[in-house]
Amino acid sequence: MENGVTVIVWLVWLAIFLLAIPLVLRIRHPEQRAFAAYLIFVSIFTVVAGVLFWLLSWLALALGLAPMLERVIPAIAFLLLIFVPAFALAFWQARKPRWRKAPPP
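Computed from a prediction, not measured in an experiment: that's the story for all the values here.

Thoughts on the layout of surface pockets
Roughly 180 Å³ of volume is contained in the second largest pocket. Forming the boundary of the second largest pocket are Leu56, Leu59, Ala60, Leu63, Leu65, Met68, Leu69, Pro74, Ala77, Phe78 and Leu81. Of all the elements in the fold, those that place two or more residues in the lining of the second largest pocket are α2 (34–62) and α3 (72–95). Counted by class, the lining of the second largest pocket contains eleven nonpolar, no polar and no charged residues.

Shown next as structure tokens:
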């Protein structure tokens, strides 16, 4: 990967997480602390997006479809297949109330 592309990837990643701050503050469960909800969102989004990127990249290479990703429409579809499920799962987890363990008997 070229050095300029790496910088752009990091800037997009940072922009997503800066834009997620007001979203998480609005959607979090009232019992959940804001910082905890944000950390849940960020960690779930990062892990799911990373795993999906790895799996879909591997699948594209195995099927010989990697050259198609040089075009705009297939690349956008590829990114949507990664970021939409990651965002949906992170959104769902950030909305859940915090888990409380029952007190010991």
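So much for the structure itself; the text now carries on.
Let's talk about the nonpolar core
Residues Phe17, Val24, Tyr38, Phe41, Phe45 and Ala86 are the most contacted members of the largest nonpolar core, which totals 17 residues. Elements with a minimum of two residues in this core: α1 (3–27), α2 and α3. Top element by residues in this core is α2. It accounts for seven residues. Once you skip the residues sitting within four places of it in the chain, Phe41 turns out to touch Ala20, Leu23, Val24, Phe87, Ala90, Phe91 and Ala94.

A few points about the packing of α2 against α3
Describing two packed helices takes the angle between their axes plus the distance from one axis to the other. For the pair α2 and α3, the least separation of the axes is 8 Å and the interaxial angle reads 150 degrees. Looking at the two axes, α2 sits roughly antiparallel to α3. Remark: the crossing between α2 and α3 carries right-handed chirality. Here Ala37, Ile40, Phe41, Ile44, Phe45, Val48, Ala49, Leu52, Phe53, Leu56 and Ser57 of α2 lie close against α3, whose contacting residues are Phe78, Leu81, Ile82, Phe83, Pro85, Ala86, Phe87, Leu89, Ala90, Phe91, Gln93 and Ala94. A per-class count over the contact of α2 with α3 returns 21 nonpolar, two polar and no charged.

Conventions and cut-offs
Residues numbered from 1 in each chain as written. Predicted model: local features only at pLDDT ≥ 70, side-chain atom pairs only at ≥ 80, totals over all residues. Heavy atoms only, no water. 1 Å grid on protein atoms, 1.4 Å probe; cavity = no way out; pocket = protein on both sides within 12 Å on 5 of 7 lines; lining within 4 Å. Points joined across faces, edges and corners; volume = space filled by probe spheres on them. Helix = DSSP H or I, 4+ residues; strand = E, 2+ residues; numbered from the N terminus. Nonpolar A, V, L, I, M, F, W, Y, C, P; charged D, E, K, R; others polar. Core = buried A, V, L, I, M, F, W, Y, C linked by side-chain atoms within 4.5 Å. Buried < 20%, exposed > 50% of the residue type's maximum accessible area, 1.4 Å probe, protein only. Contact = heavy atoms within 4.5 Å. Axes fitted to C-alpha atoms, helices over the stretch in contact; angles between N-to-C directions. Parallel < 35°, antiparallel > 145°, perpendicular 65-115°, else oblique. Left-handed = near helix turned anticlockwise from the far one by under 90°.

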